[in-house]
Amino acid sequence: MLKLKPEFIERYKKLTEFEEYESCINKFLRKAIRVNTLKTIISRIKKDLEFLELREIPWCKEGFWVESEKRNLGNLPEHKLGYIFVQEAASMIPSVVLNPKENDIVLDMSSSPGAKTTHLAQIMKNKGIIVANEKNYERIIALNSNLNRFGILNTIVTLMDGREITHKFDKILLDAPCSSSGTIRGQTKASEFLARSWNLERVKSTAGLQKKLILNAYNLLNKKGILVYSICSLEPEEGEEVIQFLLENTDAEIEKIDLNIKSGINLEFNGKSYDKEIKKCIKLWPQYYDTEGFFIAKIKKVQ
């Protein structure tokens, strides 16, 4: 069993059905892939990779869970050729929710390693323009590699702090830096480190950065533009509270996400109450679909 801090356990007992949650996070995360329809077709991949025992992910028509025991998917020829992207199932949701059109100008504000960027380009059929921004130079190497492997032609890569971007966009994806508490899955070194290093001060510090990023992202939207905010965290300070901050400081409107996905939003926590509009967001707890934990909000700029 993963060793969780007493304060973590006490906190999460208030947030969700803790026994179900704890049981789920102590199981290894099942693998998932997304088919790159810019280079191949879904039926071909289903046939060629039949041995992986692929099962459709309900919120992404190009996404499949891998039910077989094979784990080194990065060594598959289909991966090296850019026919598939090894991507966690819940992390496919933000791009589906943003749903950019072929003539949109899109910003992926924090884009490395490129899973969501390549997904956006795929949805746009390699048309329109995507600005894939990344703050850290070292992470751009992985981003460029994945863009090239996937045959992405409509994307410009930029290196800057998301808080300093000034151009206007039709649609923006802000998959924000976070505490990553939603990625605690299985007795792996990464999960053990996250469980061991988790602390509320870090959560609050990260939430401060997220508020600055989301405020700038919203200000960069054209009229009637759409912003999707997502994090692989389950902390209310990084999810519900960040959206509450945006609602209190702008004229933003929260749009209901049109996907049939169970959600566990926390409208009250530790004496704080959040706007009932936040119920339109999705908070995907790991035990719901055997995934990582994710928070996703769809925001519209009316004026």
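Just so it is clear, the model here is predicted, and its values are computed rather than measured.

(A) Inspection of helix H7 (residues 137–149) at higher detail. When the terminal C-alpha atoms of H7 are compared, their 19 Å separation across 13 residues agrees well with the 18 Å that a helix rising 1.5 Å per residue should span. Those residues of H7 not exposed but buried are Ile 140, Leu 143, Asn 146, Leu 147 and Arg 149. Buried positions along H7 lie against helix H4 (77–80), strand E4 (84–86), helix H6 (115–123), strand E6 (129–134) and strand E7 (155–159). Phi turns positive one or two residues past the end of H7, at Gly 151, with a value near 75 degrees.

(B) Representation of a nonpolar patch on the surface in the model. A cluster of nonpolar side chains, contributed by Ile 105, Ile 129 and Ile 156, occupies part of the molecular surface with about 230 Å² of accessible area. By secondary structure assignment, the location of Ile 129 is in strand E6.

(C) Here's a closer look at the pattern of salt bridges. Applying the stated criterion to the full structure yields 21 salt bridges. Note that Arg 11 is salt-bridged to Glu 235, the shortest N-O span being 2.8 Å. Note that Arg 11 is positioned in helix H1 (residues 6–15) and Glu 235 in the loop between strand E9 (221–231) and helix H10 (240–249), a separation of 224 residues in sequence. Measuring nitrogen to oxygen at the nearest pair gives 2.9 Å for the salt bridge that ties Glu 67 to Arg 55. Here Arg 55 lies in strand E2 (residues 54–57) and Glu 67 lies in the loop between strand E3 (60–66) and H4, a separation of twelve residues in the sequence. What emerges from the salt-bridge pattern is a single network uniting Arg 30, Arg 55, Glu 67, Arg 185 and Asp 290.

(D) Broad picture of H1. For H1, the full list of buried residues reads Phe 8, Arg 11, Tyr 12 and Leu 15. Looking straight down H1, one finds its buried side chains confined to an arc of 95 degrees; they lie on one side. The outward face of H1, more than 90 degrees from its buried face, is lined by the exposed residues Pro 6, Glu 10 and Lys 13. Turning to H1, the residues buried within the fold contact helix H2 (18–25), helix H9 (200–219) and strand E11 (268–269).

(E) Representation of the packing of H9 against H10 in the model. Two elements in contact, H9 and H10, have axes separated by 10 Å at closest approach and are oriented at 40 degrees. Taken together, the axis directions place H9 and H10 in an arrangement best described as oblique. Every pair of crossing elements has a handedness; the one defined by H9 and H10 is right-handed. Only Glu 241, Val 242, Ile 243, Phe 245 and Leu 246 of H10 make contact with H9, whose side of the interface consists of Ala 207, Gln 210, Lys 211, Ile 214, Leu 215 and Tyr 218.

Analysis parameters
Every chain is numbered independently, its residues counted from 1 as its sequence is written. Note on the predicted model: pLDDT of at least 70 is required for a residue's local features to be given, and 80 or more for side-chain atom pairs to be given and counted; whole-chain, interface and lining totals, by contrast, use all residues. Side-chain measures were taken over the full set of non-hydrogen atoms in the model, leaving aside hydrogen atoms and water. A run of H or I in DSSP counts as a helix once it spans at least four residues, and a run of E counts as a strand once it spans at least two, with each numbered from the N terminus. Multiplying 1.5 Å by the helix residue count minus one yields the expected span of that helix. Burial here depends on accessible area, computed with a 1.4 Å probe over protein chains only, as a share of the maximum for the residue type. Under 20% is buried, over 50% is exposed, and the range in between is partly exposed. The contact criterion used throughout is that any non-hydrogen atoms of two residues lie within 4.5 Å. Patch membership requires over 30% relative accessible area and the absence of a salt bridge. Like charges are linked within 9 Å, and nonpolar side chains (Val, Leu, Ile, Met, Phe, Trp, Tyr) within 5 Å. For the accessible areas, the method is Shrake-Rupley and the probe is 1.4 Å, while residue cover comes only from the protein chains on display. Criterion for a salt bridge: a side-chain nitrogen of Lys or Arg within 4 Å of a carboxyl oxygen of Asp or Glu. Within this analysis, the arc is defined by the directions that extend from the helix axis to the C-beta atoms. Throughout, an axis means a line fitted to C-alpha atoms (over the contacting stretch in the case of helices), and angles, computed between N-to-C directions, take values from 0 to 180 degrees. Oblique is the label for any angle not covered by the other classes, which are roughly parallel (under 35 degrees), roughly antiparallel (over 145) and roughly perpendicular (65 to 115). Note on convention: near helix rotated counterclockwise from far helix by under a right angle means a left-handed crossing. Clockwise means right-handed.

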